[in-house]
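Fold and geometry: a report
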Amino acid sequence: QVQLVESGGGLVQPGGSLRLSCAASGSIFSLNDMGWYRQAPGKQREFVANISRGGSTKYADAVKGRFTISRDNANNTVYLQMNSLKPEDTAVYYCRADWTMMIGGAIISWGQGTQVTVSS
């Protein structure tokens, strides 16, 4: 079984910062890529950032230069540092984890989401 626990969302003014965390746990699974997605009201879920187990990162154009994804492999935790936040960043943010089963196969798991609201 696998589990993702998210934290760090909240209300912040434009230009402010938030740091999201996602702690992953799995017994018979090996953790590979981890990433963040978001879904705004009336919108489809969209890619935000991804980081491989080795530390290679990718970002959506909308957040490039403002957001930084990182991970702590010792604690199986991924972070999203969000700076210079804009109202357009308002969304529910979801953590994603890609796993390989030790007996073979692969799965994708999602956190339950954390609300980020950017408003004055």
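Residues numbered from 1 in each chain as written. Predicted model: local features only at pLDDT ≥ 70, side-chain atom pairs only at ≥ 80, totals over all residues. Heavy atoms only, no water.

A few points about a nonpolar patch on the surface
Taken together, Ile28, Met102 and Ile103 make up a surface patch of nonpolar side chains, about 360 Å² in accessible area. Residue placement: Ile28 occurs in the loop between strand E3 (18–26) and strand E4 (29–39). Here Ile28 falls in the partly exposed class, since its relative accessible area comes to 39%. (Patch = residues over 30% accessible without salt bridge, like charges linked within 9 Å, V, L, I, M, F, W, Y side chains within 5 Å. Areas by Shrake-Rupley, 256 points an atom, 1.4 Å probe, with all protein chains shown as cover. Salt bridge = Lys/Arg side-chain N within 4 Å of Asp/Glu carboxyl O. Helix = DSSP H or I, 4+ residues; strand = E, 2+ residues; numbered from the N terminus. Buried < 20%, exposed > 50% of the residue type's maximum accessible area, 1.4 Å probe, protein only.)

Things to note about the sheet that holds strand E7 (residues 67–72)
One open sheet holds the 4 strands; their spatial order is E1-E3-E8-E7, and the pairing between them is antiparallel. With partners counted over all chains shown, the strands left at the sheet margins are strand E1 (2–7) and E7, one partner each. Averaged over all pairs of adjacent strands, the angle between their axes in this sheet comes to 15°, without regard to strand direction. Looking at chain direction, E7 and strand E8 (residues 77–82) are connected through 6 bridges and run antiparallel. Residue pairing for E8: Thr68 is matched across the bridge by Gln81. (Pairing = 2+ DSSP bridges. Axes fitted to C-alpha atoms, helices over the stretch in contact; angles between N-to-C directions.)

Comments concerning the side chain of Thr77
Residue position: Thr77 is located in strand E8. A distance of 3.0 Å separates the side chain of Thr77 from the backbone oxygen of Asn75, its partner in a polar contact. Sequence-distant contacts of Thr77, that is, excluding residues within four places in its chain, are made with Cys22, Ala23, Ser70, Arg71 and Asp72. (Polar contact = N/O pair within 3.5 Å; in protein donor to acceptor, adjacent residues only side chain to side chain. Contact = heavy atoms within 4.5 Å.)

Geometric descriptors of this kind do not, in isolation, establish any biological role.
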